[in-house]
Amino acid sequence: ILFWIILLDDIPITIGNNIKYKIEKLMDSVFFLNLDFKYIHDTSVLADLFFACTIIITLVVARYSTLAKLIRDTRGDFKTNKSFFENQIELKHHLAQYQQRLFYLKNTLYFSLFGGVSLCASIIFVCFEYKISAVIFFVLYIFLIFLALLTLVKELSISFKALNEH
């Protein structure tokens, strides 16, 4: 579908314009947004959001590596019988929390990375003035970053829950 939308930007005939108009109307009704191409073309929105995306990715990678170290330390302590867990049930509970946090951090990282790719695609389409494609990828970026923030909040809530237990 995206391939055809990109091609439609180059079709000067009336049929192509009618199809482009219908796709624009569909985008307005589906996303409930009236994003104007000039808004993302004439302002620094794309550049600002690019740096926001890299900050989110850096934050998630740092949290991911910290959690990985915590898991490695716990595993090493358990193997050397230096475990600070009172029983097997407590250990399983903590491992389940580690798994949940890893799941949400992994999803946050994927959403952020794919959001960054979508933003880069939007920037490229803005450069070549493929209006419909640029707006579609921009909206996709906003959606993916929103999902990344939601999963990050969920991971943080699990982390705070674990801190309150100690």
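Now for a look at the structure at hand. No experiment lies behind these values; they were computed from the predicted model shown.

1. Structural notes on the overall build of the protein chain
Each helix and strand counted, the protein chain has six helices and zero strands in total. Going from N to C terminus, the protein chain has its helices and strands arranged as α-α-α-α-α-α. Every one of the 166 residues in the protein chain was classed for burial, and the buried ones make up 33%. Within the protein chain, contacts between residues separated by at least 24 positions form 79% of all contacts whose residues are at least 6 apart in sequence. Entry remark: accessible area of the protein chain is about 11000 Å², with carbon and sulfur atoms responsible for 68%.

2. With respect to the packing of helix α5 (residues 88-127) against helix α6 (residues 131-165)
The N-to-C vectors of α5 and α6 enclose an angle of 160°; their axes lie 8 Å apart at closest approach. With respect to α6, the axis of α5 lies roughly antiparallel. For the pair α5 and α6, the sense of crossing is left-handed. Looking at the contact of α5 with α6, its residues break down into 20 nonpolar, 13 polar and five charged.

3. As for the nonpolar core
Burial of nonpolar side chains together is a common tendency in soluble globular proteins. Leu 46, Cys 53, Val 60, Leu 105, Phe 125, Tyr 141 and Ile 145 are the most contacted members of the largest nonpolar core, which has 21 residues in total. Sorting the residues of this core by element identifies α4 (45-79), α5 and α6 as the ones contributing at least two each.

4. Considerations on the pattern of salt bridges
Scanning the model with the defined rule gives two salt bridges in all. Between Arg 63 and Glu 155 there is a salt bridge, with its nearest N and O atoms 2.9 Å apart. One end of the pair, Arg 63, is in helix α4; the other, Glu 155, is in helix α6, with 92 residues separating them in the sequence. Residue Arg 63 is classed as partly exposed on the basis of its relative accessible area, which comes to 21%. A relative accessible area of 0% places Glu 155 in the buried class. A salt bridge links Glu 155 to Arg 101, with the nearest nitrogen and oxygen atoms 2.8 Å apart. Separated by 54 residues along the polypeptide, Glu 155 in helix α6 and Arg 101 in helix α5 bring together distant segments of the chain.

5. A few points about the packing of aromatic side chains
In this structure the tally under the stated criterion is five aromatic pairs. Ring geometry for Phe 125 against Tyr 130: centres 6.0 Å apart, planes inclined by 75°, an arrangement best described as edge-to-face. Given the relative accessible area of 13%, Phe 125 is considered buried. Among the aromatic side chains, those forming a connected cluster through ring pairs are Phe 125, Phe 128, Tyr 130 and Phe 137.

About the thresholds
- Residues numbered from 1 in each chain as written.
- Predicted model: local features only at pLDDT ≥ 70, side-chain atom pairs only at ≥ 80, totals over all residues.
- Heavy atoms only, no water.
- Helix = DSSP H or I, 4+ residues; strand = E, 2+ residues; numbered from the N terminus.
- Buried < 20%, exposed > 50% of the residue type's maximum accessible area, 1.4 Å probe, protein only.
- Contact = heavy atoms within 4.5 Å.
- Areas by Shrake-Rupley, 256 points an atom, 1.4 Å probe, with all protein chains shown as cover.
- Axes fitted to C-alpha atoms, helices over the stretch in contact; angles between N-to-C directions.
- Parallel < 35°, antiparallel > 145°, perpendicular 65-115°, else oblique.
- Left-handed = near helix turned anticlockwise from the far one by under 90°.
- Nonpolar A, V, L, I, M, F, W, Y, C, P; charged D, E, K, R; others polar.
- Core = buried A, V, L, I, M, F, W, Y, C linked by side-chain atoms within 4.5 Å.
- Salt bridge = Lys/Arg side-chain N within 4 Å of Asp/Glu carboxyl O.
- Phe/Tyr/Trp six-rings, centres within 6.5 Å; stacked < 30°, edge-to-face > 60°.

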